[in-house]
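Residue-level structural notes
Okay, here's what each chain looks like letter by letter:
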Amino acid sequence: MKTLSKKALGLLLSVLMLCTMMTVGCYSVIAATTDTVSSAATSVEGETIYFKNTSGWSSVACYMWNDSSKQNNASWPGVAMTNEGNNIWSLNVKSGFDMIIFNNNNQGAQTDDISYPGGAHIYESGSWSDYNPAGTTAPQPQSTTAAPSGSFAVYCKSSKATSMNCYMWNGSTDTNAGWPGAPMTKIDDQEGIWEYIAAKSFSKIIFNTGGDSDKTADLDNKGDGYIYNFDSQKWEEYDQNPLQLRAFQGDIDSPQYIGSQIKFSVTGKSESPVIEYQFSVDGSVVQSYSTSNSFVWNATKVGTYKITVDAKDGNGETNQKTLTYEIKDPSNETAPVFLSSDPATNNQVLLNATTNVKINAAGGNTGTKLLFYKYVVKDPSGTQLNTAYYTLNNSYSFTPKTQGAYTVEVSVQGSDNQTVTRSVVYNAVSKLDPTTSTQKTTATTATTATTATVPTSSSATTPTTASTPTQTSSTQPSTTPVKIILGDADDNGIVNIRDAAVIQHYINRSWTGAFNSKNADYDGDGSITIKDATAIQTALAGIK
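Numbering of residues starts from 1 in each chain and follows the order in which that chain's sequence is written. With the structure being a predicted model, the display of local features is reserved for residues of pLDDT at least 70 and the display and counting of side-chain atom pairs for 80 or more, all residues being used for whole-chain, interface and lining totals. Excluding hydrogens and water, the side-chain values take into account all heavy atoms of the structure.

**A closer look at helix α5 (residues 497-507)**
Residues three or four positions apart in an α-helix share a direction because the helix packs 3.6 residues into each turn. In this scheme, a residue with accessible area under 20% of its type's maximum is buried, one over 50% is exposed, and one in between is partly exposed, where area comes from a 1.4 Å probe on protein chains only. Only DSSP runs of H or I reaching four residues or more are called helices, and only runs of E reaching two or more are called strands; each is numbered from the N terminus. For α5, the set of buried residues is Asp 499, Ala 500, Val 502 and Ile 503. All buried residues of α5 fall inside an arc of 160 degrees around its axis, so they share one side. Should any heavy atoms of two residues lie within 4.5 Å, those residues are considered in contact. Here the buried face of α5 lies against α6 (517-520) and α7 (530-540). For this analysis, a polar contact is any N or O atom pair within 3.5 Å, provided that within protein one partner can donate a hydrogen and the other can accept it, and provided that sequence-adjacent residues contribute only side-chain to side-chain pairs. Where α5 begins, the side chain of Asn 496 points an oxygen toward the backbone nitrogen of Arg 498, at a separation of 3.0 Å. Just downstream of α5, Arg 509 is the residue with a positive phi angle, here 60 degrees. When we speak of the arc, we mean the arc of directions from the helix axis to the C-beta atoms.

**Some details on the sheet that holds strand β19 (residues 234-237)**
Any two strands between which DSSP finds at least two bridges are classified as paired. Across the sheet, which stays open at both edges, the 5 strands sit in the order β14-β15-β10-β18-β19 with mixed pairing between neighbours. Looking at which strands have only one partner, the edges of the open sheet turn out to be β14 (185-188) and β19. Each strand axis lies, on average, 35 degrees off the axis of its neighbour in the sheet, ignoring direction. Fitting a line to C-alpha atoms yields each axis, with helices limited to the stretch in contact; the angle taken between N-to-C directions then spans 0 to 180 degrees.

**Topic: the nonpolar core**
Only buried Ala, Val, Leu, Ile, Met, Phe, Trp, Tyr and Cys residues count toward a nonpolar core, and they belong to the same one when joined by side-chain atoms within 4.5 Å. In terms of nonpolar packing, the biggest core is built from 20 residues, with Phe 264, Tyr 277, Trp 297 and Ile 307 touching the most fellow members. Of all the elements in the fold, those that place two or more residues in this core are β20 (244-250), β22 (261-269), β23 (275-281), β25 (294-298), β26 (303-313) and β27 (318-328).

**Observations concerning the sheet that holds strand β1 (residues 47-52)**
Read from one edge to the other, the open sheet built from 5 strands follows the order β4-β5-β1-β8-β9, with strand pairing classed as mixed. Both edges of this open sheet fall to β4 (82-85) and β9 (127-130), since each of them pairs with a single strand only. Sheet twist, expressed as the mean angle between neighbouring strand axes with direction ignored, is 30 degrees. In terms of strand pairing, β4 meets strand β5 (residues 88-93) through 3 bridges, oriented antiparallel. Considered in β5, the bridge of Asn 83 is made with Trp 89.

**Considerations on the packing of aromatic side chains**
Each aromatic pair joins two rings of Phe, Tyr and Trp (for Trp, the six-membered one) with centres within 6.5 Å, and gets the label stacked for planes under 30 degrees apart, edge-to-face for over 60, and tilted for any other angle. Taken as a whole and assessed by the stated rule, the structure comprises 24 aromatic pairs. Ring plane angle 75 degrees and centroid distance 5.2 Å describe the contact between Tyr 228 and Trp 235, whose orientation is recorded as edge-to-face. For Tyr 228, a relative accessible area of 3% puts it in the buried group. For Trp 235, a relative accessible area of 22% corresponds to the partly exposed category. Between Phe 279 and Phe 295 the ring centres are 5.0 Å apart and the planes differ by 35 degrees, which places this aromatic pair in the tilted class. A residue pair is termed long-range when its members are at least 10 positions apart, and Phe 279 in strand β23 and Phe 295 in strand β25 qualify at 16 residues.

**Overview of α7**
Those residues of α7 lying buried are Asp 532, Ala 533, Ile 536, Ala 539 and Leu 540. Here the buried residues of α7 occupy an arc of 130 degrees about the axis, which is enough to place them on one side. Buried residues along α7 sit in contact with α5 and α6.

Spelled out as structure tokens, the structure:
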């Protein structure tokens, strides 16, 4: 019995030990599982990244990846961020990622590929900065008339835009913001000037009004002292002195030619209501101080000239700008050269009175050395009023019937078909402003254009009132009996190749317009024949 009791006790102890081992093993498995879950939870906490939602996205997602391991934080568009208020969004992320893209939850807007600097940073307007625990980034410099020292300010001007963005870059991953760039701040409502202050220097820039539909080309950033004119698509000097001088330029670019008529103008801005300007050419004053902000220069000699404007205002402020213009001799040019028009562009002309446009051109030094002229006249609505064809006549007449701007597109062509085209604009008004140049009368222009080809006997009959002011000459009857201009078959006051064509139509009985038989009888034999048409063409060509 004793022996049996010992054996039974030993067996019982063995069973108890086995149960204990099994219990310990189960506990170990549970403990191991618990430790693994706890470790994963600790990894998810990671670090926090922040994004300033300056574009007003309704939601923000964050997509992250590692270029070397090809791992990402989630499939596109990434993980939704949390709105912390004040346009700041946050996300708790794992470490180990080196690239990041913020996007509006796959709704079409996103940043470029951005290098990830690690947690406790905020991405705003194209650059990273340390995150301010108060929930906002450091305040941006306030706009002033002059860019703050050490800043990287850029400026854009538009008279039409209601918003403006600035996209800047140095490379594919070094940008100031995702497309369409950072919003600019309007600092001058009157002139439509927009400002953006970048965190650093960028070499390239695109201005746009919100996307691809209205943007500039890829521009070189010209930096301090310049503003981009979004309307004209040109960089301009940007003066930020108390008395500012902007857009000082000629209406045609350098180089120009002897005989060119160049209008220089400048835009001034000051707190004083009165600004006076003085213009000089190579140091010689050509227009003394006055409130007129423009002057017209007629170049007479070959050379390189410095055109200077000096300005002063009622506050005692002064400023100065200078341009350099090269003047060349047009006589050696094989291509035609447009020099000027009379009246000059932007002049006023009188409604319902004949406006005579005379063109001063040169060049065409090739072949026959003849210059041919074509005129396209458009009324204020843009409707073409005439049938355009080339003639040898350097003048053209039209009568404005509607108040507003009339455009005369003048093409000058050489014998080798090289062509220069220039548009001149006239503002038709019911009463001329005395301060503007008056228009020439029909008789004056016609006589000037045809003196060389019309017999002197007919020149003597030209009315003596041809040189009187416009207001007087425009009231004279256009059919004065003594006015005879040989060759002017269509009776429009000028002689050109059209008159030869009119005579041919008249002979064939296909002409239904105005016809002056006395003018059409060019050879004076008392009859209208093909000889008269031929004689007119020969005279216009200068053939004897």
